[in-house]
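Structural characterization, general
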Amino acid sequence: MKIYTAHAASWLWDLIHSLPICHHLPERSRIFGIDLPLCCRCSGIYFFIIAGLVLNHFFRLCDIRRAGRLAFFIALSLVAGAEACAEIAFGIDPGNVVRLFTGAASGFAIGALLSAGISGFRSACNKKTS
Ligand SMILES: [Zn+2]
């Protein structure tokens, strides 16, 4: 069983590492001595998109009918992009921990926005049919 688990983990690692969704630079894919299949920013984004989708589904943190919350989540979704632009424009290296956190903030907001959009679309469809 242990061999199968290790083989599946290796296969999953290779699959994620081969996807064209990240630059996969080794120096950007290591945090606290742990190698990741994606860079720290992308790891934060993709993992927290799932967290944002699930948490918003249950707790309705982001609602497309509330402009203030919607604006907050849209602004939060831009944090990783703004940090990456600042990194390029000013030639700074904030480190992988900052990249992970800004990616997580953006990913969470993107997931919440997706969830809010899906539930808003679903309720709009229900109004038309009833
Ligand atoms: Zn990446």
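Scope of this entry: the structure provided in the associated data block. (Residues numbered from 1 in each chain as written. Predicted model: local features only at pLDDT ≥ 70, side-chain atom pairs only at ≥ 80, totals over all residues.)

Mapped onto the fold, Arg28 is located in the loop between α1 (2-18) and β1 (30-31). For Arg28, a count of 20 C-beta atoms within 10 Å translates into the label buried. (Helix = DSSP H or I, 4+ residues; strand = E, 2+ residues; numbered from the N terminus. Buried ≥ 20, exposed ≤ 12 C-beta atoms within 10 Å, placed from the backbone.)

Across soluble globular proteins, nonpolar side chains have a tendency to be buried as a group. Of all hydrophobic cores here, the largest spans 22 residues; its most connected members are Phe73, Ala105, Phe108, Ala109, Ala112 and Leu113. Residue assignment for this core shows that the elements contributing at least two residues are α2 (40-59), α3 (67-77) and α5 (96-129). Among the elements that make up this core, the one with the highest residue count is α5 (9 residues). With sequence-adjacent residues up to four places away left out, Ala112 is seen in contact with Gly52, Asn56, Leu61, Cys62 and Phe73. (Core = buried A, V, L, I, M, F, W, Y, C linked by C-beta atoms within 7 Å. Contact = placed C-beta atoms within 7 Å.)

What follows deals with the packing of α2 against α5. Their axes nearest at 6 Å, the elements α2 and α5 cross at an angle of 35°. Judged by the twist between their axes, the crossing of α2 over α5 is right-handed. A class-by-class count of the residues in the contact of α2 with α5 yields 19 nonpolar, 12 polar and 2 charged. (Axes fitted to C-alpha atoms, helices over the stretch in contact; angles between N-to-C directions. Left-handed = near helix turned anticlockwise from the far one by under 90°. Nonpolar A, V, L, I, M, F, W, Y, C, P; charged D, E, K, R; others polar.)

Following the sequence through the fold, Leu61 ends up in the loop between α2 and α3. Put simply, Leu61 and His24 are 37 residues apart on the chain and 32 Å apart in space, counted from C-alpha to C-alpha. Not counting residues up to four positions away in its chain, the partners in contact with Leu61 are Leu55, Asn56 and Ala112.

Moving on: the packing of helix α4 (residues 79-90) against α5. Put simply, α4 and α5 touch, their axes get as near as 7 Å, and they point 145° apart. Along its contact with α4, which presents Val79, Ala80 and Glu83, the element α5 presents Val98, Thr102, Gly103, Ala105 and Ser106. Here the residues of the contact of α4 with α5 are counted per class, giving 4 nonpolar, 3 polar and 1 charged.

Coordinates in, geometry out; function isn't part of it.
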